[in-house]
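For reference, the chains in residue letters:
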Amino acid sequence: MGNTEKAVATILVVDDNEANRVLAKHTLEDEGYAVVLAVDGAEGVAAFGRAPADCVLLDVRMPGVDGFTACERIRELPNGAETPILFLTAQRDVDTFDRAMLVGGDDFLTKPLRPAELLVRVRSALELRRVSGELRAHYDLLKRQRDDLLRLQLQKERLTAFVVHDLKTPLGAMDLHAQLLQRNPKLPADAQASVAAIRGEVRQLARMISNLLDLSKADEGQLAPEASDQAVRPLIDEVLSELKVNAADREVQLKTVVETERIHADRDLFQRVLANLVENAIRYSPRHAAVSITIADVPGATELRVADAGRGIAPELREKIFNAFMQVESNSERTVARASRGLGLTFCKVAVEAHGGSIWVEDAAPGAVFCLRLPHGS
C-alpha cells in the first residue's frame, strides 16, 4: 500500500520591507511551507498570476500598487477569489481595518510580525479552505463577531490616543501657572502649600497618562525599555520629592535604605514604577506610620522593596492586585480592600516584565511589601 505525500502549501509574501520578508520567509519555511517573495504590489499580483499561491501575506503600505489595490487585482485572477489573503500593517487603526475588509481581506495582522502569531494565522487560513459548507457558515459567523470585536478594540485605542494627547496640553498649562504662583513672594504660606499640592496632583495625573500610553504599547508588543546604567540615589530622591506632599498630608514618614549605587533600567519607566508603588503604599498606610523603600543588589539582579504598615493582602489575592481596575477584598482581619484607582499597578507589572524582571507581593506583618527585581545589565 503506497503512502500519499501531503502537498506543500505555498505562501506568497508581498512586502517592500526586506527585514519583514526575511522574517516571514524563515518563519514559514521552518514549518515546511514553500515561500514566494515579492517586493511590491505589482510584483505580487504578477507572481500570483503565474502560479496561484495557497495563501497571501500582503503588506498595506507599498510604493506604486499598494496592498488594497493588489488584493482587489488578485481577487479577479483565476483561483484568487477563494485564496485567503492576510493583510500586514503597522497602522493599527479603524480606517485601515475597514479598508482591508472592504477589499476582501480575510485577516488583519499588525506589525512588528510575531512568528508564533503569524504561523497560527496562516495555518488557520489554510485549514479553512478545506472545511465543509456547514462548518464554513459557522466560521463566517465567528469571523464577523471577531471582526466586530477587533474594530471596537481599534476604536477604543484611537479614542484613548486622542484623550491622552488632548489631556497633556492643559496639564502642562496647569503646571506652568502653578510654577508662576510659586515664584510670587507675596503669596501666603497656606496658598504656597496649596500650589505645591496642585503641582503634585498634576505630576501624578501626567504619570497616569504616560502609564496608559505604555500599556497600549505593551498590548501591541511595542513597549521596549531603553535600559542603561543609572545612578540610584537621584532616581529615588526625585520620586520622593514628587510625593512628599502626599506623605505629609497623610502624616506618613518616608524612609529609604539604599545599598547599591547603580541600577540597569529605563530611567523614565523605572521612576514611574517606583512612584506608583510608593504612592500606593502612602495611600494604604495608617497615619503616623512609615513607608520604607529599600534597594539592594541580589545575585544577578537589583531588588526594590516598598513596604507599608497598613493591613496586608491575603496570599490568594496577591496576583489579582496587578489586574487593571481590580478591587481586592478579603474577610481576613489582616486584609483590607485595596482598590486600584486605575492602571498604576498593572503598569508596574508590565514595565518590570518588559525589562525581563519580576514583581510580587509579600506579607509585611502588618502591611504589604511590593517587591521587584530587575536583571543586571550585560
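Residues numbered from 1 in each chain as written. Predicted model: local features only at pLDDT ≥ 70, side-chain atom pairs only at ≥ 80, totals over all residues. Heavy atoms only, no water.

1. Quick notes on the environment of lysine 320
Of note, lysine 320 is situated in the loop between strand 10 (301-307) and strand 11 (327-328). Take lysine 320: its relative accessible area is 41%, and that puts it in the partly exposed class. Taking the C-alpha atoms as reference points, lysine 320 and threonine 346, separated by 26 residues in sequence, lie 9.8 Å from one another. (Helix = DSSP H or I, 4+ residues; strand = E, 2+ residues; numbered from the N terminus. Buried < 20%, exposed > 50% of the residue type's maximum accessible area, 1.4 Å probe, protein only.)

2. Details of the packing of aromatic side chains
For the structure shown, the criterion picks out 2 aromatic pairs. Centre to centre, the rings of phenylalanine 68 and phenylalanine 87 are 5.7 Å apart; their planes meet at 55°, and the pair counts as tilted. Linking phenylalanine 68 in helix 3 (residues 67-75) with phenylalanine 87 in strand 4 (residues 85-89), this pair joins segments that are 19 residues apart in sequence. On the accessibility criterion, phenylalanine 87 (0% relative accessible area) is buried. (Phe/Tyr/Trp six-rings, centres within 6.5 Å; stacked < 30°, edge-to-face > 60°.)

3. With respect to the pairing of strand 3 (residues 55-59)
The buried fraction of strand 3 is high, at 5 of 5 residues. Neither face of strand 3 is left uncovered, since the one carrying Cys55, Leu57 and Asp59 and the one carrying Val56 and Leu58 both have all their residues buried. The pairing of strand 3 with strand 4 spans 4 bridges and is classified as parallel. When the sheet's bridge partners are listed, valine 56 is paired in strand 4 with isoleucine 85. Traced from strand 3 through helix 3 to strand 4, the parallel crossover comes out right-handed. (Pairing = 2+ DSSP bridges. Right-handed = clockwise from strand over helix to strand, strands pointing away.)

4. A few points about the sheet that holds strand 3
Spatial strand order, 2-1-3-4-5: 5 strands in an open sheet with parallel pairing. The strands lining the two open edges of the sheet, one partner per strand, are strand 2 (34-38) and strand 5 (107-110). Along the sheet, successive strands turn relative to each other by an average axial angle of 20°, direction set aside. (Axes fitted to C-alpha atoms, helices over the stretch in contact; angles between N-to-C directions.)

5. Describing the sheet that holds strand 13 (residues 358-363)
Spatially, 5 strands are ordered 7-9-10-14-13 in an open sheet, and the strand pairing comes out mixed. The open sheet terminates on both sides in strands that have one partner only, identified here as strand 7 (253-258) and strand 13. Each adjacent strand pair in this sheet contributes to an overall mean axis angle of 15°, direction not counted. Here 6 bridges tie strand 13 to strand 14 (residues 368-375), and the two strands are oriented antiparallel to one another. Note on strand 14: the bridge partner recorded for aspartate 363 is alanine 368. In the packing of helix 8 (residues 232-249) onto the sheet, the strands contacted are strand 7 and strand 9 (290-298), and the crossing angle to strand 7 comes to about 170°. With respect to the sheet, helix 9 (residues 267-283) is in contact with strand 7, strand 9, strand 10 and strand 14, its orientation differing from that of strand 10 by roughly 25°. (Contact = heavy atoms within 4.5 Å.)

6. A closer look at the pattern of salt bridges
As enumerated under the stated definition, the model contains 16 salt bridges in all. A salt bridge links glutamate 117 to arginine 121, with the shortest nitrogen-to-oxygen separation between them at 2.9 Å. Taken together, the residues span about one helical turn, with glutamate 117 and arginine 121 both in helix 5 (residues 115-128) at a distance of 4 residues. Residue glutamate 117 is classed as partly exposed on the basis of its relative accessible area of 22%. Assessed through its relative accessible area of 23%, arginine 121 is described here as partly exposed. One salt bridge connects arginine 305 with glutamate 362, and the closest N-O pair in it is separated by 2.6 Å. Placement of arginine 305 in strand 10 and of glutamate 362 in strand 13 is noted, with a sequence separation of 57 residues between them. The class of glutamate 362 is partly exposed, set by a relative accessible area of 27%. Put simply, Asp107, Arg114, Glu117 and Arg121 are held in one network by salt bridges that share partners. (Salt bridge = Lys/Arg side-chain N within 4 Å of Asp/Glu carboxyl O.)

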